[in-house]
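# Structure at a glance
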Amino acid sequence: MKKLIALGLTYAVIQILIMTNLISDYLQATLVTICINIILAVSLNLITGFTGQFSLGHAGFMSIGAYVCAFITLRNPTIFGFLIGVFAGALAAALMGFLVGLPTLRLRGDYLAIATLGMSEIIRIIFINLEITNGAAGLNGIPQFVNWTWLFIFMTATILGISNFIKSSHGRACISIREDEIAAEAMGINTIKYKVVAFVIGSFCAGIAGALYASYFYYIKPDLFGFLKSVDILVIVVLGGLGSISGSILAAILLALISTYLQSFPEIRMILYAAALIAIMIFRPQGLMGSRELSLELFGKLGDSLKSKKGRV
Amino acid sequence: MEGFLQQVVNGITLGSIYALMALGYTMVYGIIRLINFAHADVYMIGAYVGYFCMTFLNLGFLPSLVIAMFVCTVLGILIEKIAYRPLRNATRISVLITAIGVSLFLQYGMMFFVSANVRTYPEMTGIMTKSINMGNIVISMQQIILVSITIILMILLQFIVKKTKIGKAMRAVSMDKDAAELMGINVDSTISFTFGLGSALAGAAGVLVGVYYNTINPLMGTVPGLKAFIAAVFGGIGIIPGAMIGGYFIGAVEVLVAGYGNSMYRDAVVFAILILILIVKPSGLLGKNTREKV
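What you see is a predicted model; the values in this text were computed from it and never measured.

## Here we look at the overall build of chain B
- Check the secondary structure of chain B and you find eleven helices and four strands.
- By the compact-globule yardstick of 19 Å for 294 residues, chain B fits well, its C-alpha radius of gyration being 19 Å.
- Oriented by its inertia axes, the alpha-carbon framework of chain B measures out at about 60 × 45 × 35 Å.
- In chain B, which comprises 294 residues, the share counted as buried stands at 51%.
- Taking the intrachain contacts of chain B between residues at least 6 apart in sequence as the baseline, contacts between residues at least 24 apart amount to 76%.

This is the structure:
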């Protein structure tokens, strides 16, 4: 119940701020980027953080969602077409995730990283060469349906969906694969099945994020979804903590704010990103949150401990 | 037929570059099980050092090559010391993420200092401009020099790995790090040496590419780096002759796809080869199957 109230409050506050024009267009774009990045990071966290499968191809799935949604809304520019576009995009990304995941998830660790990277490069090259995707120039004039309400719905649906998945027995199976694949298999867990399930759910959500991206920014081209985009998402997940959903959310917000400030120095931004990646890995490999979660109860506990400390003094 | 032979000549030239880079990937992977993403950027920096020597110091081709190899050796050892050594006992994912970080750091650091503009290598003079015609097949002197330098470096590498004491140490560490340490081998310095050796080859590849293709830029390493890694996987990662075979194979495939198919798809074909190998025979052409034990 508390959670629902907190969610409702967050939504209402920002909606009021937008309606009263207190948030400028530029800040709104940042807000959209944050929401999309949260969806991407949380879904990559399911694959990399919870299941322990290192994927470098998340941007590839995102691009499938973006292109499918763009096609459908360009042909059918209604809100109905938009919703179909989002789901068709997500389904297409999930299908691709299944097709790619089934053979490559037999690989371990770094081989999988390279295979997924290769897969996303193949997707990008295909989009560059196809007629209907308008090649390297990309698609323009995609009708804009995304607003804060839609973003909020999809974002909370993704977060709740994935966090509930992790708490289910399927999610536990995924975590056991991360901890020790051989031991998990010995305990009778069908590791391939759960790895593919996590991969498909992750790519489904990446498809949603791509669709929202296409519909808000009304312009997509293959180069937007290259290796760097995948690394961007990875940085969020690593900074937040592999295996912490609230960490991913915090990191997405933090990084979006930092890059807003560094907008005019793109090179310095990337140097800082890179240095941050190295420094986090050396000094705090568990990221901001480790595998802990931020929750309302935690705030409650914090409050209690503060009170008790005061009492003692 | 002549067209095909010409393509093969070009493929061998390109393959030499991939083979040189693949050697670095394969040695580092063999010894610490890490895909050294930064390797591709060491190659880029080698190309820039060569450019700097030739343009501003007016040095010839060979001195520039040697200087670039030296600078890259130092760089490789530094990268290992600063970024990878603190993570010796960390999980493989953390080290891999660090490698991506180092790679981006080098790329954008370089972009910050020399700008993202494309630089052009100076015109070659003297014997480097000549070419040999055999029927309709043209082999330029640059191609001959490039391939022969590659072969000389490979022979040198084979000599170091097979015949010297440090080479023996390298092989021992890559077989079993703990056992090697018990036998009195200094594991850290052996790993440093491996990084230096691999980076020197990458630096050489960078200068050769600069001379052959003329243009360089700070992001030039990424795609050839990935392909060289694919070449290493193709030949069987950790196996030095495998990397050479893989390099020439990938080079030939790429040139043939560009020549007879659609040149836009040549990168896609190489990645498709990677996924195919990983599915069919993940241990590579010369690799042996190893079972993972608990």
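## Some details on the overall build of chain A
- Along the backbone of chain A there are 13 helices and two strands.
- Relative to a compact globule of 313 residues, whose C-alpha radius of gyration would be 20 Å, chain A shows 20 Å and is just as compact.
- Considered along the principal axes of its C-alpha atoms, chain A spans approximately 70 × 55 × 40 Å.
- Across the 313 residues that make up chain A, the buried fraction comes to 46%.
- Counting only contacts in chain A whose residues sit at least 6 apart along the sequence, the fraction spanning at least 24 positions is 81%.

## Some remarks on the packing of helix 4 (residues 79–104) of chain A against helix 9 (residues 191–217) of chain A
Residues and elements named next belong to chain A.
- Between helix 4 and helix 9, the least distance of the axes is 7 Å, while the angle of their chain directions is 145°. Crossing handedness for the pair helix 4 and helix 9: right-handed.
- In terms of residue class, the contact of helix 4 with helix 9 is made up of 16 nonpolar, nine polar and no charged.

## Notes on the pairing of strand 2 (residues 131–134) of chain B
Residue and element names in this part refer to chain B.
- The sheet contact formed by strand 2 and strand 3 (residues 137–140) spans four bridges and is antiparallel. Across the sheet, N133 pairs through a bridge with V138, a residue of strand 3.
- Between strand 2 and strand 3, which follow one another and run antiparallel, lie two residues, and G135 among them has a positive phi close to 65°.

## Comments concerning the nonpolar core
- Counting residues in each nonpolar core, the largest one holds 203 residues, and the members touching the most others are I39(A), A204(B), A231(B) and L274(B).
- In terms of residue count, helix 9 of chain A provides more of this core than any other element does, 17 residues in total.
- Apart from the residues within four sequence positions on either side, L274(B) is in contact with I114(A), A115(A), G118(A), I230(B) and V233(B).

## Observations regarding the packing of helix 2 (residues 25–50) of chain A against helix 10 (residues 227–240) of chain A
Residue and element names in this part refer to chain A.
- Their axes nearest at 9 Å, the elements helix 2 and helix 10 cross at an angle of 70°. When the interaxial angle is binned, helix 2 and helix 10 end up roughly perpendicular. The two elements helix 2 and helix 10 cross, and the hand of that crossing is right-handed. Residues N37, L40, A41, L44, N45, T48 and G49 of helix 2 form the contact with helix 10, whose own contacting residues are I233, L234, I236, V237 and G240.
- Here the residues of the contact of helix 2 with helix 10 sort into seven nonpolar, five polar and no charged.

## Looking at the interface of chain B and chain A
- Taken residue by residue, the interface counts 34 residues in chain B and 33 residues in chain A.
- Within the residue set of the side of chain B that touches chain A, elements represented by two or more residues are helix 4 (92–114) and helix 11 (266–280) of chain B.
- In terms of residue count, the dominant contributor to the side of chain B that touches chain A is helix 4 of chain B (15 residues).
- Within the side of chain B that touches chain A, the residues separate by chemical class into 27 nonpolar, four polar and three charged.

## Concerning the environment of T194(B)
Residue and element names in this part refer to chain B.
- Note on placement: T194 falls in helix 8 (residues 187–213).
- With 26 C-beta atoms counted inside 10 Å, the residue T194 sits in the buried group.
- Remark: the alpha-carbon pair of T194 and M170, spanning 24 residues in sequence, is separated by 7.2 Å.
- In this structure T194 touches M27, V28, I31 and M170, once residues within four positions along its chain are discounted.

## Focus: unusual backbone geometry
Residues and elements named next belong to chain B.
- Of note, R33 is a non-glycine position whose phi angle comes to about 55°, a positive value.
- By the element assignment, R33 lies in the loop between helix 1 (2–32) and helix 2 (39–55).
- Using a count of 16 C-beta atoms within 10 Å as the deciding quantity, one classes R33 as partly exposed.
- The phi torsion at N58 lies on the positive side, around 55°, for a residue other than glycine.

## Thoughts on helix 4 of chain B
- Taking 1.5 Å of rise per residue, 23 residues should cover 33 Å, and helix 4 of chain B covers 33 Å from first to last C-alpha, within 8% of that figure.
- Looking one or two residues past helix 4 of chain B, S115(B) carries a phi angle of roughly 65°, positive in sign.

## Focus: the environment of I34(A)
Residues and elements named next belong to chain A.
- Counting through the fold element by element, I34 comes out in helix 2.
- I34 sits 148 residues away from I182 along the chain, and the two C-alpha atoms are 37 Å apart.
- Apart from residues lying up to four places away in sequence, I34 is in contact with A252, I253 and A256.

## Considering the confidence of the model for chain A
- Across chain A, the average pLDDT comes to 85, with 93% of residues at 70 or higher.
- Ranking the elements of chain A by mean pLDDT puts helix 13 (residues 296–312) of chain A last, at 60, and helix 9 of chain A first, at 92.

## Topic: the confidence of the model for chain B
- On average, residues of chain B score 87 in pLDDT, and 97% of them reach the 70 mark or higher.
- At the level of chain-chain contacts, confidence expressed as ipTM amounts to 0.81, with global pTM at 0.85.

What counts and how
- Residues numbered from 1 in each chain as written.
- Chains lettered and ligands numbered in written order.
- Predicted model: local features only at pLDDT ≥ 70, side-chain atom pairs only at ≥ 80, totals over all residues.
- Helix = DSSP H or I, 4+ residues; strand = E, 2+ residues; numbered from the N terminus.
- Rg over C-alpha atoms; globule rule 2.2 N^0.38 Å.
- Buried ≥ 20, exposed ≤ 12 C-beta atoms within 10 Å, placed from the backbone.
- Contact = placed C-beta atoms within 7 Å.
- Axes fitted to C-alpha atoms, helices over the stretch in contact; angles between N-to-C directions.
- Left-handed = near helix turned anticlockwise from the far one by under 90°.
- Nonpolar A, V, L, I, M, F, W, Y, C, P; charged D, E, K, R; others polar.
- Pairing = 2+ DSSP bridges.
- Core = buried A, V, L, I, M, F, W, Y, C linked by C-beta atoms within 7 Å.
- Parallel < 35°, antiparallel > 145°, perpendicular 65-115°, else oblique.
- Expected span 1.5 Å × (residues − 1).
- pLDDT = per-residue confidence, 0-100.

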